[in-house]
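Examination of the molecular architecture
So you can see what is in the structure, the chains are spelled out below.
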Amino acid sequence: MATTSARALKLLSIFGIGATLTAEELAARLGASVRTVRRDIETLRDLGYEIEAVRGAGGGYRLGHATRLPPVVFDEDQAVAVAVALQTVPTVLSGIRENAARALATLHQAMPARSRLHAEAFTVSSARNYWEFPAPPIDAEIVRAVGSAINRRHLVRVDYTGDGEPVTLTLEPHDLVVWAARWYLVAFDPDADRWRAMRVDRFTPHTPTHTPFVRRDIPHGDPVAFVMTAHDRGDAAAEWQCRGSAVLALPASTVARFAPGGSTVEYDTENTCRLTLGAWSWPGLAGLLLTFDADITDIEPAELRQALHSLRARIGRGLEPAAPPRPGR
């Protein structure tokens, strides 16, 4: 009976993701037979859970929309995922540390002893990666306001601080993307008639507009790909002891995808762009430029040009043929 109950709870947690799955797919996830899965589905129905049978192509079983899950229905892997997420979320959201800690404590208390031990084994401490130059943890209320507008498909009105004075924008918000601990909004700007990737930490939202909009197709069909290839996403050059720039013979979208944190990419032509970045030394900065494996021109400042000359000389010496061994006496 205990095995049946545990399997039924795991089946319920699988249904909780909202997908429609065939009996064969459910059986594979549970490590049970199709007949056993169908019996467990009937057990859940007897307990009052609405499990719908979907017929036709792409059919299977799914949880009914009217069903309300118990407060905690996690298998051990899900418990670990939630526990780790609650411990790391304060690195990207401010004003949420205490609530995350309370939620983690509540989660542990609600778990069976075995699941609690499994989750507590994943106690972690998170540290910021300064090489990626993450933004400071963003105010959770800003994320809530923008996320609510995305969910309701309402226009959002914000003050946005770019390179100059703050400007007031009315946007069609589509998706939030977190990359290298920096929050970006993928939005369509109807006044400029273009898509934008924008740093959310530079937003000051106005009161909700409650004005609906029709969702559009995002460029590349993927908000993550759009953010990663947008050269004008609002990043700023970080303060390094050595900072320089050069024009690379690569499209801005390619360089934007692989540029290190704390750098900026400016469009030059369809096939060239200017990359501005910093490093701990001029040779280190020169090495970063060389990782792009592209022709570089218009290199500034003089210290960076000198570092590239020095690297060329060192590499040249390393490529010289080795001297023949001396004949023995």
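The structure displayed is predicted, hence computed values, not measured ones.

With that out of the way, let us pick up the sheet that holds strand 7 (residues 182–189). The five strands are arranged 8-7-6-5-9 in an open sheet whose pairing can be described as antiparallel. Single-partner strands in this sheet number two, and they are strand 8 (194–199) and strand 9 (203–205). Taking the axes of each pair of neighbouring strands and ignoring which way they run, one obtains an average angle of 50° across the sheet. In this sheet, strand 8 lies alongside strand 7 in antiparallel orientation, the contact comprising six bridges. Residue pairing in the sheet places Y184 in a bridge with R199 of strand 8. Sheet strands in contact with helix 7 (residues 140–152) are strand 5 (156–160), strand 6 (167–179), strand 7 and strand 9, and its direction is about 95° off that of strand 6.

This brings us to the packing of aromatic side chains. Aromatic rings considered in pairs are described by the distance between their centres and by the relative angle of their planes. Per the counting criterion, the structure on display carries three aromatic pairs. With 5.5 Å between their ring centres and 70° between their planes, Y160 and F203 make a pair best called edge-to-face. Of the two residues, Y160 sits in strand 5 while F203 sits in strand 9, which places them 43 residues apart along the sequence. Summarising the burial analysis for this pair, Y160 and F203 share the class buried. Directly above the aromatic system of F188 lies the positively charged group of R216, at a separation of 3.8 Å from the ring centroid.

Per the stated rule, a full pass over the model turns up 14 salt bridges. Between R62 and E52 there is a salt bridge whose closest N-O contact spans 2.7 Å. On the criterion of sequence distance, the pair formed by R62 in strand 2 (residues 60–63) and E52 in strand 1 (residues 51–54) is long-range, its members being 10 residues apart. With relative accessibility at 30%, the residue R62 sits in the partly exposed group. Several salt bridges share partner residues, and in doing so they unite R182, R199, D201, R233 and D235 into one network.

Position of R233 among the secondary structure elements: in the loop between helix 8 (223–229) and strand 10 (242–248). Residue class for R233 comes out buried when judged on its relative accessible area of 6%. Polar side-chain contacts of R233 include one of 3.1 Å to the backbone oxygen of A230. Of note is the side chain of R233, whose polar atom sits 2.9 Å from the backbone oxygen of A256.

Moving on: the pairing of strand 10. Of all seven residues that make up strand 10, six are buried, and the element is covered over most of its length. Where strand 10 lies against strand 12 (residues 272–279), seven bridges are found, and the strand directions are antiparallel. Along strand 12, the bridge assignment pairs R243 with G278.

Let us now look at the side chain of D189. Among the secondary structure elements, D189 is positioned in strand 7. For D189, a relative accessible area of 3% corresponds to the buried category. Side-chain polar atoms of D189 contact the backbone nitrogen of D191, separated by 3.1 Å.

With that settled, the discussion passes to helix 11 (residues 302–319). Because each turn of an α-helix spans 3.6 residues, side chains separated by three or four positions end up pointing in the same direction. The end-to-end C-alpha separation of helix 11 is 26 Å, in line with the 26 Å expected for 18 residues at 1.5 Å each. Buried within helix 11 are the following residues: L304, A307, L308 and L311. Projected down its long axis, helix 11 carries its buried residues within an arc of 100°, all on one side. Facing away from the buried side of helix 11, by more than 90 degrees, are the exposed residues R312 and R317. Close packing links the buried residues of helix 11 with strand 10, helix 10 (282–290) and strand 13 (296–300).

Scoring rules and cut-offs
One numbering rule holds for all chains: residues counted from 1, following each sequence as written. For a predicted model such as this one, the threshold for reporting local features is a pLDDT of at least 70, and the threshold for listing and counting side-chain atom pairs is 80 or more; totals across whole chains, interfaces and linings nevertheless cover every residue. With hydrogens and water excluded, all non-hydrogen atoms of the structure serve as input to the side-chain values. In short, DSSP must find at least two bridges between two strands for them to pair. A helix here means a DSSP run of H or I that spans at least four residues, while a strand means a run of E at least two residues long, and both kinds are numbered starting from the N terminus. Note on method: axes are straight lines fitted to C-alpha atoms, helices fitted across the in-contact stretch only, with angles between N-to-C directions ranging 0 to 180 degrees. Residues are treated as being in contact if the distance between any of their heavy atoms lies within 4.5 Å. Any Phe, Tyr or Trp ring, taking Trp's six-membered ring, that has another such ring centre within 6.5 Å forms a pair; planes under 30 degrees apart are called stacked, those over 60 apart edge-to-face, and the others tilted. Exposure is judged per residue with a 1.4 Å probe applied to protein chains only, and the accessible area is read against the type maximum: over 50% gives exposed, under 20% gives buried, and values in between give partly exposed. Each ring is checked for a lysine NZ or an arginine CZ that lies within 6 Å of its centre and within 35 degrees of its normal; such an atom marks a charge sitting over the ring. By convention in these notes, a salt bridge is any Lys or Arg side-chain nitrogen within 4 Å of a carboxyl oxygen on Asp or Glu. In protein, a polar contact means a hydrogen-donor-capable atom and an acceptor-capable atom, both N or O and within 3.5 Å, with residues adjacent in sequence counting only if both atoms are side-chain atoms; elsewhere, any N or O pair within 3.5 Å suffices. Here the expected span of a helix is defined as 1.5 Å times the quantity of residues minus one. The arc refers to the directions leading from the helix axis to the C-beta atoms.

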